[in-house]
Amino acid sequence: QDAIKIGGIAPLSPPGGVQTGESLRDGMIVAVEELNANGGILGQPVELIVEDTSGVPEKGVAAFERLATAENVVGVTGSAHSAVCSAVGPVAQETNTVFVAGECWSDSVTAAQIPEVFRITVANSLVYSVAADWVKEAGFENIAIISENSDWGFGIIDVFTENLKDTGATVTSFTAERTVSDFTPQLLQLKRADPQPDLIVAGFTGSNLLLMLRQAYDLGLAPSPETAIFAAGADVLEPEFWDVMGDAGKYVIGNPAGLPGKPDTPLSRSFGEAYQQKFDRPANAVAMEGYDGVMVLAEAIEAAGTTDSDAVEEALRNLSWDGTRGTIFFPQTKEPAWAFQQWPEVPIFVIQYSEANQTPSEAEILWPKSQATTDEIVLKP
Amino acid sequence: MSLVAILEQALNGLIVSSFYALAALGLAIIFGVLRVVNFAHGELYMLGGYAYFLAVASMGLPPVVGIVVAAAALAAMGALVEWLLIRPVYDGRADRPEEYSIMITFALSILLLNLANSLFGPWPRRPEPLFRGGVEIGELIVSGDRLAAAGVAVVLIAVLLAALRYTWAGRAVRAVSQNREAAAIFGISVTRVGMLAFATGAALAGLAGALMGPVFNVVPPMGVIPVIKAYVIVVLGGLGSIPGAIMGAIILGQVESFATILIPDPSRALAYKDAYGLVLLVGILLLRPQGLFGTKERRA
Amino acid sequence: MMHEQLDISGLVKRFGGLTALNSVDMTVGSGELLGLIGPNGSGKTTLLNIVSGYYKADGGSINFERRPVLGHAPHQLARQGIGRSFQVTKIFRRLTVLQNMLVAGLSDGAQSQSEATDRAMGLLRDLKLERLAHERASSLSGGQGKLLEFARIMMLSPKIVLLDEPFGGVHPELKRFMHDHIRKWNDSGVTIILISHDMGSIFDLCQRVVTLSYGDIICDGTPEETRNDPAVLDAYLGDHHGAA
Amino acid sequence: MKLQTLRLLGLGLILLVFLALPLLLGDYWVYTITIGFYYAILAASWALLVGYIGRISFAQAAMAGLGGYASALSVQHAGLPPVLGLAAGVLVAGALGFVIGRLTLRLHGAYLGLTTIAFAEILRITATAEYQLTEGSRGLQVEPLLQDGSRSEYYYLFLAVTVACLALMTWLLRSRVGLFFQSIREDEDGAASLGVNVTLWKTVAFAISTAFAGLAGGLYAHFVQLITPSMMSLQEMGIVLAMAVIGGFHNVVFAALGGVSLQVLLEGLRELGEWRLVVFGLITLLILRLMPNGVFGTVADVLTDRLRKSGDDK
Amino acid sequence: MAQLEVRNLHAGYSRDIDILRGLDVTARESMLTTIIGANGVGKSTLLKTIIGQLRPHTGTIRFGERDMRDVNTRDLVNLGIAYVPQKHAIFPEMTVQENVEMATWAFRHEKPRARSAVERVFERAPYLREFRSKRAGLMSGGQQRLMQLELALMSDPELLLIDEPTVGLDPKRAGQIYDHLRRLVTEERRTILMVDQNVIAGTDVADYIYVLELGANKLEGTKKKFDEEYRDAISEWLF
Ligand SMILES: Nc1ncnc2c1ncn2[C@@H]1O[C@H](COP(=O)(O)OP(=O)(O)OP(=O)(O)O)[C@@H](O)[C@H]1O
Ligand SMILES: Nc1ncnc2c1ncn2[C@@H]1O[C@H](COP(=O)(O)OP(=O)(O)OP(=O)(O)O)[C@@H](O)[C@H]1O
Ligand SMILES: [Mg+2]
Ligand SMILES: [Mg+2]
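Residues numbered from 1 in each chain as written. Chains lettered and ligands numbered in written order. Predicted model: local features only at pLDDT ≥ 70, side-chain atom pairs only at ≥ 80, totals over all residues. Heavy atoms only, no water.

- For chain C, the name recorded in an unreviewed UniProt entry is Amino acid/amide ABC transporter ATP-binding protein 1, HAAT family, with Tranquillimonas alkanivorans as its organism.

See the structure below:
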């Protein structure tokens with residue numbers, strides 16, 4: 001019996017964000033095992049083929065090519081780098097293979113409005129406008145953003161600047177190569193700045209994000225009573241964060257696009273358990289996206305009753321599936337551009353660790369207000 | 001900018017310089033003896049970081065011991081690499097020794113980097129440093145791990161300089177680098193010195209990695225950037241010249257520290273951070289092709 | 001008909017505190033065969049290095065066929081007709097012996113590849129290197145390397161040749177060949193400056209001998225005059241008059 | 001003479017195989033080999049520089065990137081047709097190669113290697129930092145070279161260009177220029193004393209080599225239709241180096257064959273997942289250590305040797 | 001009885017090609033033995049094989065009791081052998097002083113011996129004193145060669161192997177060197193084996209002479225025999 005092939009793409013080697021890539025892939029693996037345990041799709045077993053993108057657009061394109069033309073997968077999910085997601089869009093269109101983008105936040109991924117491209121994670125505009133609301137509410141006035149000079153990094157700066165324009169807050173931004181590992185000169189400069197910033201946004205990923213957080217802490221800059229620090233990269237959600245940061249991780253603020261156990265549905269709970277059991281680590285938003293990505297494809301194939309690409313694509317457009325993070329569907333609105341086939345209800349949280357070694361689920365939720373676990377808008381050391 | 005701010009940047013520059021110098025020392029020694037630029041130096045540095053991490057975090061040894069372990073492990077590794085790969089450079093087996101040495105070490109670096117990716121995984125590790133906490137010097141705050149690393153680096157550099165100048169082993173190392181045949185005729189074992197030099201160079205890379213690991217995290221690509229800085233430094237100073245390497249490190253540390261904050265467009269200033277040293281290097285080489293401290297050769 | 005081909009005046013070269021050439025004046029006529037001798041370290045090679053463009057001078061001027069030499073690159077001077085050999089040979093070790101010859105033969109673009117090859121093989125035959133034509137130059141013995149370098153300059157068809165110790169390590173039999181070639185060359189109008197410590201060769205070949213000592217010319221005369229000059233005897237020949 | 005004909009026969013055979021491949025392989029492999037041609041030109045251009053004139057450069061991948069960007073941007077902003085864009089890429093890369101060659105004239109060996117690393121990294125960092133122009137690490141969308149070109153159309157185009165490039169390089173290296181290059185590699189002062197214009201040829205060699213790299217980069221960009229700074233990284237350079245070394249960097253054709261075959265091998269090893277690059281590194285290391293003339297170089301040497309011997313027997 | 005005996009030696013640079021084809025050479029104790037022969041006959045190859053840079057294919061090399069076939073170059077000094085190769089073997093980037101000190105490497109731990117060896121060099125070769133703190137590689141060709149000869153003598157070798165002692169030396173110094181070598185043999189009873197293209201002077205100082213041809217012996221004999229019997233053979237080369 002032929003297997004139905006589903007493709008995954010994720011950065012599994014440097015210079016990509018390998019940590020994120022692995023979580024994404026592991027989420028997919030859990031999904032495929034679950035599908036096969038329940039008899040597969042359309043009665044056929046499911047095979048997952050994950051290709052490495054290294055986080056590099058050309059390699060992503062090559063990987064997608066291979067999946068679409070050599071492996072003949074029905075659809076592809078994953079990615080973890082906006083640049084890769086954007087780059088594979090045209091290939092998806094050309095090869096008529098649907099792509100469910102996960103963990104890539106740049107607006108441009110969906111703004112290209114390619115019919116084959118769907119997104120189950122947030123768009124920068126979606127997430128940082130929420131974060132910006134929190135910033136407004138918290139009343140920060142001097143905000144410094146240090147971000148990598150990638151699509152995602154520039155997006156953070158743009159959305160913050162845009163959304164805080166009318167609040168009178170000043171936003172200063174620095175961008176740097178993904179490989180810069182010593183931020184001390186800038187951080188010293190911020191520390192000596194008058195006034196000292198009250199919020200630093202760290203728009204990096206991987207080891208370098210942790211280094212920046214660490215250096216800010218060691219210099220006594222942030223987190224401190226004067227200055228809060230907001231880590232935009234998904235790496236703060238992984239348990240290894242604590243191995244590296246120790247106490248310095250306390251009071252770091254993160255913004256996951258989903259928290260395990262929220263909403264508290266049976267699916268989200270069972271996924272969390274399966275993941276924990278298989279990989280011996282708690283699931284996080286990225287793993288949930290990996291899982292949801294495969295499941296969305298499986299649902300669409302099931303709904304279409306065939307693996308024919310056009311039918312699957314159509315089924316995705318009409319899909320409404322209760323995933324680990326809520327009901328996933330893909331609106332066809334083209335205004336604003338990035339909203340096309342973008343799941344609009346991605347849960348977005350602003351969380352802050354109040355103790356060392358917390359999981360994201362244990363951290364205090366600061367925002368949205370409706371879900372907040374603390375009255376403070378930001379905790380100070 | 002206030003005086004304190006300037007001092008703070010200068011101090012940070014100095015600390016960073018000592019890191020760079022440490023990373024560059026082994027490179028300079030290996031080049032000095034074997035006339036080989038070890039393009040795998042960054043990966044040896046990375047392995048030093050992992051050796052330290054394994055010793056301190058996994059085996060629970062105290063940090064000081066961890067550093068010794070890292071140095072010893074890398075010395076052994078260096079000796080092995082020299083024996084297996086580098087020896088053809090000077091025993092006459094390689095037809096084009098210079099190109100061979102560059103390419104073989106480059107290939108080694110590709111192998112080690114990918115091997116580490118596969119073996120250790122992508123997660124950064126942060127082993128316990130030699131010292132924790134911050135040190136306040138007046139208004140200036142320096143974190144303990146950095147200061148410790150810088151201090152050890154300075155001591156090491158001094159010891160090494162003295163050793164090269166005043167010990168017979170150091171002289172043998174210099175002699176072999178200049179004329180292998182003559183060295184052998186006078187009774188020096190060229191192979192032993194070659195191995196000694198490579199092992200020492202690797203041990204220094206390992207030490208640097210062990211000291212730097214707690215500061216910059218232990219992660220497979222951790223050596224890539226420092227080693228490029230190390231290249232810049234040794235070339236700035238004149239390949240093979242240890243005092244040159246130190247001057248180079250000091251210059252680079254200050255340039256990076258101040259250029260990053262003095263260039264008016266803050267975004268560009270940081271984006272080009274890793275390019276300052278390279279631009280400096282290109283500039284200096286154009287004026288003095290033999291580096292700051294290198295010497296000219298007699299031509300005919 | 002002789003005219004002044006190489007005109008060196010007031011040439012100074014210093015290395016740090018050491019004055020290697022101390023205001024040297026010397027003219028060489030076209031078609032001369034001039035010996036340049038002097039104790040070790042007297043500045044012979046340095047002079048040659050400056051004339052052939054390898055070192056800069058610290059003062060003075062040099063004209064070759066009334067055109068200034070200083071400031072020109074070695075290859076330009078080579079093409080203007082200044083050929084030289086090196087005291088420590090500079091052969092192309094990983095090229096074959098024949099290829100070594102062809103580099104010289106083809107560099108001015110005047111000869112075709114086959115013409116140059118024919119000429120090269122002829123020269124190699126004369127110097128007993130024909131057998132080795134297709135071997136790599138790295139497998140030549142010390143003396144054979146010297147011979148190859150000598151043969152290479154001949155390929156260049158220079159107007160003036162500066163030979164730095166060309167007989168070092170060459171067997172007497174081949175040295176005789178070289179003598180013959182040098183004479184033939186000279187007869188065909190090529191100017192030759194010969195640096196050698198081989199007094200037999202110098203006195204045999206040269207009509208005029210210039211003696212340098214510590215960067216100064218201490219004697220400029222016929223072989224006979226030089227041989228009997230007390231200063232030369234004292235500084236250079238010692239009591240082993242022309243022992244070699 | 002017999003050797004010469006056999007050599008030509010061998011090359012003809014290889015060419016035939018390449019001509020036939022698209023008829024036998026699926027789209028994906030055709031795509032892969034097409035990219036292999038990019039690496040072939042790049043590896044050959046590097047071998048031209050390192051193998052013949054002895055100047056080590058680590059900027060070759062960066063130069064390909066530069067050619068790619070120059071071509072893509074000139075098509076985008078000046079509205080040139082892609083073919084003219086390619087020409088612009090060749091010119092820009094060649095010109096910068098000329099400048100670098102000129103600036104680094106007095107450097108050799110390790111100094112030169114390290115300085116070219118500096119140039120390469122400056123280029124890469126600039127391409128990343130000048131986001132407004134290059135789209136940074138997100139990547140620049142590039143016009144396709146052929147409107148609606150099929151996979152095999154691209155394949156044959158790349159094959160033709162590769163063969164043309166190799167023919168050009170071989171012709172150059174067979175001429176007296178090749179001899180001058182090698183004499184400079186062996187001893188610059190010695191070469192100058194024989195009238196070889198060392199300055200000129202060293203610079204020209206750099207310019208020619210980078211111009212070929214620029215061409216390769218331009219072709220690649222217009223084929224993949226996307227270009228990012230990672231194409232200019234040292235890691236990428238490492239791969240190019242390995243290709244040339246494994247093929248045999250003493251000969252541009254061998255280096256080029258190394259380029260194609262390694263690209264195919266790298267794709268073939270995908271099964272190994274993350275260990276793929278480890279295996280790759282190991283192969284490079286072993287070949288360098290045990291077969292310094294590269295695989296194709298060694299095979300050719302052995303065959304030539306056999307032929308000579310059997311010729312002698314008669 | 002420390003004499004150097006080479007018997008039926010076959011050696012070369014690659015395994016399948018013999019450059020030396022059955023050579024027999026003896027450097028008798030307290031004698032100066034000179035080897036002459038055309039370029040490329042294998043004189044340097046012989047010395048390189050004796051000192052262990054090349055491995056003999058077959059044949060024996062003995063120095064006194066010691067089988068030299070597997071000798072390592074670095075052990076020469078300890079065996080009482082010094083070697084001066086045809087091309088310069090000095091440390092160009094070190095000062096002259098450092099070069100001189102390096103030559104005491106093998107007996108560096110015998111401080112008085114090392115010190116007096118260094119002092120003797122500067123006494124014997126006063127010209128080196130001027131260059132003491134100058135880099136050796138910057139000296140002229142002849143100066144470098146002279147220094148190298150001095151370095152070789154520092155270890156008081158029993159056996160001295162010299163490839164072309166006087167190439168590049170001015171006549172005055174060359175004469176002094178030949179005198180010195182002669183004195184080493186007659187007064188200090190040392191053994192010298194040298195290769196020389198300077199046929200007249202080289203045979204003039206010799207006690208015993210070998211003439212090689214294509215890697216094999218052609219003629220040999222004492223100086224006296226040469227003066228009497230083989231004059232013609234030699235003058236054939238010379239004139
Ligand atoms: N590049 C240099 N740097 C410093 N000193 C130099 C340099 N070249 C030559 N000298 C010095 O200049 C002097 C003259 O050297 P040169 O090589 O011209 O001598 P020479 O006459 O050729 O001697 P020889 O007969 O030994 O070859 C020597 O004392 C030498 O030490
Ligand atoms: N490194 C080498 N590799 C291969 N062959 C070599 C090598 N060195 C020398 N030969 C060959 O060995 C033969 C003997 O060389 P050798 O150097 O012993 O000659 P030699 O007698 O010392 O000559 P010369 O008087 O010119 O120095 C020569 O024919 C030479 O071509
Ligand atoms: Mg001289
Ligand atoms: Mg010899």
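Now that the structure has been shown, the text picks up again.
Topic: the overall build of chain A
Right, on to step 1. Each helix and strand counted, chain A has 12 helices and 14 strands in total.
Right, on to step 2. Against the globule reference of 21 Å for 381 residues, chain A gives a C-alpha radius of gyration of 20 Å, in line with a compact fold.
Right, on to step 3. In terms of overall dimensions, chain A has C-alpha extents of about 65 × 35 × 35 Å along its principal axes.
Right, on to step 4. With 381 residues in all, chain A has 66% of them scored as buried. (Helix = DSSP H or I, 4+ residues; strand = E, 2+ residues; numbered from the N terminus. Rg over C-alpha atoms; globule rule 2.2 N^0.38 Å. Buried < 20%, exposed > 50% of the residue type's maximum accessible area, 1.4 Å probe, protein only.)

Re the arrangement of the chains
Right, on to step 1. For this structure, the chain pair with the highest number of contacts among seven pairs of chains in contact is chains B and D.
Right, on to step 2. Chain A makes no contact with chain E; the smallest distance between any of their C-alpha atoms is 38 Å.
Right, on to step 3. Across the gap from chain D to chain E, with no contact made, the nearest C-alpha atoms are 15 Å apart. (Contact = heavy atoms within 4.5 Å.)

Considerations on the coordination of the magnesium ion (ligand 3)
Residue and element names in this part refer to chain C.
Right, on to step 1. Summarising the metal site, the magnesium ion (ligand 3) is bound by the protein donors Thr 45 (OG1) and Gln 87 (OE1), whose distances to it range over 1.8 to 2.2 Å. Note that Thr 45 is positioned in helix H1 (residues 44-51) and Gln 87 in the loop between strand S6 (82-84) and helix H3 (97-106), a separation of 42 residues in sequence. Gln 87 carries the same exposure label as Thr 45, and that label is buried. (Donors = N, O, S within 2.8 Å, 3.2 Å for Na, K, Ca; no water.)

Observations concerning the sheet that holds strand S6 (residues 142-148) of chain A
All names here are of chain A.
Right, on to step 1. Pairing within the open sheet is mixed, and its seven strands lie in the order S7-S6-S8-S9-S10-S13-S14. Every other strand in the sheet has two partners, leaving strand S7 (170-176) and strand S14 (364-367) as the edge strands with one partner each. Each strand axis lies, on average, 25° off the axis of its neighbour in the sheet, ignoring direction.
Right, on to step 2. Judged from the two bridges that link them, strand S10 (residues 252-254) and strand S13 (residues 350-352) form a sheet pairing that is antiparallel. When the bridges of S13 are listed, Gly 254 appears paired with Ile 351.
Right, on to step 3. Those strands touched by helix H8 (residues 206-218) are S6, strand S8 (199-203), strand S9 (228-231) and S10, and its axis lies near 175° from that of S9. (Pairing = 2+ DSSP bridges. Axes fitted to C-alpha atoms, helices over the stretch in contact; angles between N-to-C directions.)

A short note on the interface of chain B and chain D
Right, on to step 1. Between chain B and chain D, the residue contacts involve 45 residues of the former and 44 residues of the latter.
Right, on to step 2. Buried surface at the junction of chain B and chain D, summed over both partners, amounts to about 4,000 Å²; 73% is from carbon and sulfur atoms.
Right, on to step 3. Contact with chain D buries surface across chain B, with Arg 96, Met 103 and Phe 106 of chain B losing the most and accounting together for 16% of the total.
Right, on to step 4. Applying the counting criterion to the chain B and chain D interface returns one salt bridge.
Right, on to step 5. Salt-bridge contacts for Glu 130 of chain D lead to Arg 268 of chain B; the nearest nitrogen and oxygen are separated by 2.5 Å.
Right, on to step 6. Counting every contact that joins chain B to chain D gives three residue pairs in polar contact (both at pLDDT 80 or more).
Right, on to step 7. Secondary-structure elements contributing two or more residues to the side of chain B that touches chain D are helix H3 (63-86), helix H4 (97-120), helix H9 (224-237), helix H11 (266-271) and helix H12 (273-287) of chain B.
Right, on to step 8. The element contributing the most residues to the side of chain B that touches chain D is H4 of chain B, with 17 residues. (Buried area = accessible area lost by both parts, 1.4 Å probe. Salt bridge = Lys/Arg side-chain N within 4 Å of Asp/Glu carboxyl O. Polar contact = N/O pair within 3.5 Å; in protein donor to acceptor, adjacent residues only side chain to side chain.)

Re the site of ligand 2
Right, on to step 1. Around ligand 2 sit 17 residues, and of these Ser 139, Ser 141 and Gly 143 of chain C together with Ser 44 and Thr 45 of chain E come closest.
Right, on to step 2. Around ligand 2 the close residues trace back to chains C and E.
Right, on to step 3. One of the backbone N or O atoms of Ser 139 of chain C is found 2.4 Å from an oxygen atom in ligand 2.
Right, on to step 4. Contact distances for ligand 2 include 3.4 Å between a nitrogen atom and a side-chain N or O atom of Tyr 13 of chain E.
Right, on to step 5. Protein contacts shield 86% of the accessible area of ligand 2, which totals 640 Å² for the unbound molecule.
Right, on to step 6. Mapped by element, the contributors of at least two residues to the shell around ligand 2 are helix H5 (142-156) of chain C together with helix H1 (43-50) of chain E.
Right, on to step 7. Broken down by class, the residue content of the shell around ligand 2 amounts to three nonpolar, 13 polar and one charged. (Near = heavy atom within 4 Å. Areas by Shrake-Rupley, 256 points an atom, 1.4 Å probe, with all protein chains shown as cover. Nonpolar A, V, L, I, M, F, W, Y, C, P; charged D, E, K, R; others polar.)

Observations regarding the coordination of the magnesium ion (ligand 4)
Each donor-metal-donor angle would ideally measure 109.5 degrees in four-coordinate tetrahedral geometry, or 90 or 180 degrees in six-coordinate octahedral geometry.
All names here are of chain E.
Right, on to step 1. The magnesium ion (ligand 4) binds to the protein through Ser 44 (OG) and Gln 86 (OE1); the donor distances cover 1.8 to 2.2 Å. Of this pair, Ser 44 sits in helix H1 while Gln 86 sits in the loop between strand S6 (81-84) and helix H3 (96-102), placing them 42 residues apart in sequence.
Right, on to step 2. You can call Gln 86 partly exposed: its relative accessible area is 26%.

Observations concerning the state of the cysteines
Right, on to step 1. This model, assessed by the stated rule, comprises one disulfide over all chains.
Right, on to step 2. Here Cys 85 of chain A connects covalently by a disulfide to Cys 104 of chain A, the sulfurs 2.0 Å from one another. In this structure, the disulfide formed by Cys 85 of chain A and Cys 104 of chain A twists by about -90° around the S-S bond and is classed as left-handed. Placement of the pair is Cys 85 of chain A in helix H3 (residues 82-95) and Cys 104 of chain A in the loop between strand S4 (98-102) and helix H4 (108-111), with a sequence separation of 19 residues. The exposure classification of Cys 85 of chain A matches that of Cys 104 of chain A, with both residues buried.
Right, on to step 3. Cys 206 of chain C supplies the cysteine sulfur nearest to Cys 219 of chain C, a cysteine that is in no disulfide, at a spacing of 13 Å.
Right, on to step 4. Judged by relative accessible area, which is 7%, Cys 219 of chain C ranks as buried. (Disulfide = S-S within 2.5 Å.)

Considering the packing of aromatic side chains
Right, on to step 1. Scanning all chains against the criterion turns up 38 aromatic pairs over all chains.
Right, on to step 2. Judged by centre distance (6.0 Å) and plane angle (85°), the ring pair of Phe 19 of chain B and Phe 216 of chain B falls under edge-to-face. Pair noted here: Phe 19 of chain B is in helix H1 (residues 3-34) and Phe 216 of chain B is in helix H8 (residues 190-216), with a separation of 197 residues, a long-range link. Residues Phe 19 of chain B and Phe 216 of chain B agree in their burial class; the two are buried.
Right, on to step 3. A network of ring pairs unites the aromatic residues Tyr 28, Trp 29, Tyr 31, Tyr 154, Phe 158 and Phe 223 of chain D as a single cluster.
Right, on to step 4. Above the plane of the ring of Tyr 208 of chain E lies Arg 28 of chain E, whose end atom (NZ or CZ) is 4.2 Å from the centre.
Right, on to step 5. If you follow Arg 113 of chain E out to its NZ or CZ, it ends over the ring of Phe 107 of chain E, 3.8 Å from the centre. (Phe/Tyr/Trp six-rings, centres within 6.5 Å; stacked < 30°, edge-to-face > 60°. Lys NZ or Arg CZ within 6 Å of the ring centre and 35° of its normal.)

Section: the environment of Asn 293 of chain D
Residue and element names in this part refer to chain D.
Right, on to step 1. Inspection of the secondary structure assignment puts Asn 293 in the loop between helix H13 (276-290) and helix H14 (294-313).
Right, on to step 2. Here Asn 293 falls in the partly exposed class, since its relative accessible area comes to 29%.
Right, on to step 3. Sequence separation of Asn 293 and Arg 185 is 108 residues, and the distance between their C-alpha atoms is 17 Å.
Right, on to step 4. When residues no more than four places from it in sequence are discounted, the contact partners of Asn 293 are Gly 247, Gly 248, His 250, Thr 298 and Asp 301.

Remarks on the pairing of strand S10 (residues 216-222) of chain E
The two faces of a sheet get side chains in turn, since along a regular strand they alternate between them.
Residues and elements named next belong to chain E.
Right, on to step 1. With six bridges connecting them, strand S9 (residues 208-213) and S10 associate as antiparallel partners. Bridge pairing links Tyr 210 to Glu 220 in S10.
Right, on to step 2. What sits between the antiparallel neighbours S9 and S10 is a turn of two residues, in which Leu 214 has the positive phi angle 45°.

A word on the side chain of Asp 163 of chain E
All names here are of chain E.
Right, on to step 1. Residue position: Asp 163 is located in strand S7 (residues 159-163).
Right, on to step 2. One buried charged residue, Asp 163, forms no salt bridge at all, with the nearest opposite charge on Arg 145 at 6.5 Å.
Right, on to step 3. One polar contact links Asp 163 to Ser 44, side chain to side chain, over a distance of 2.8 Å.
Right, on to step 4. With residues up to four places along the chain from it excluded, the contact list for Asp 163 reads Ser 44, Leu 47, Val 84, Pro 85, Gln 86, Arg 145 and Val 195. (Lys, Arg positive; Asp, Glu negative; His and termini not counted.)

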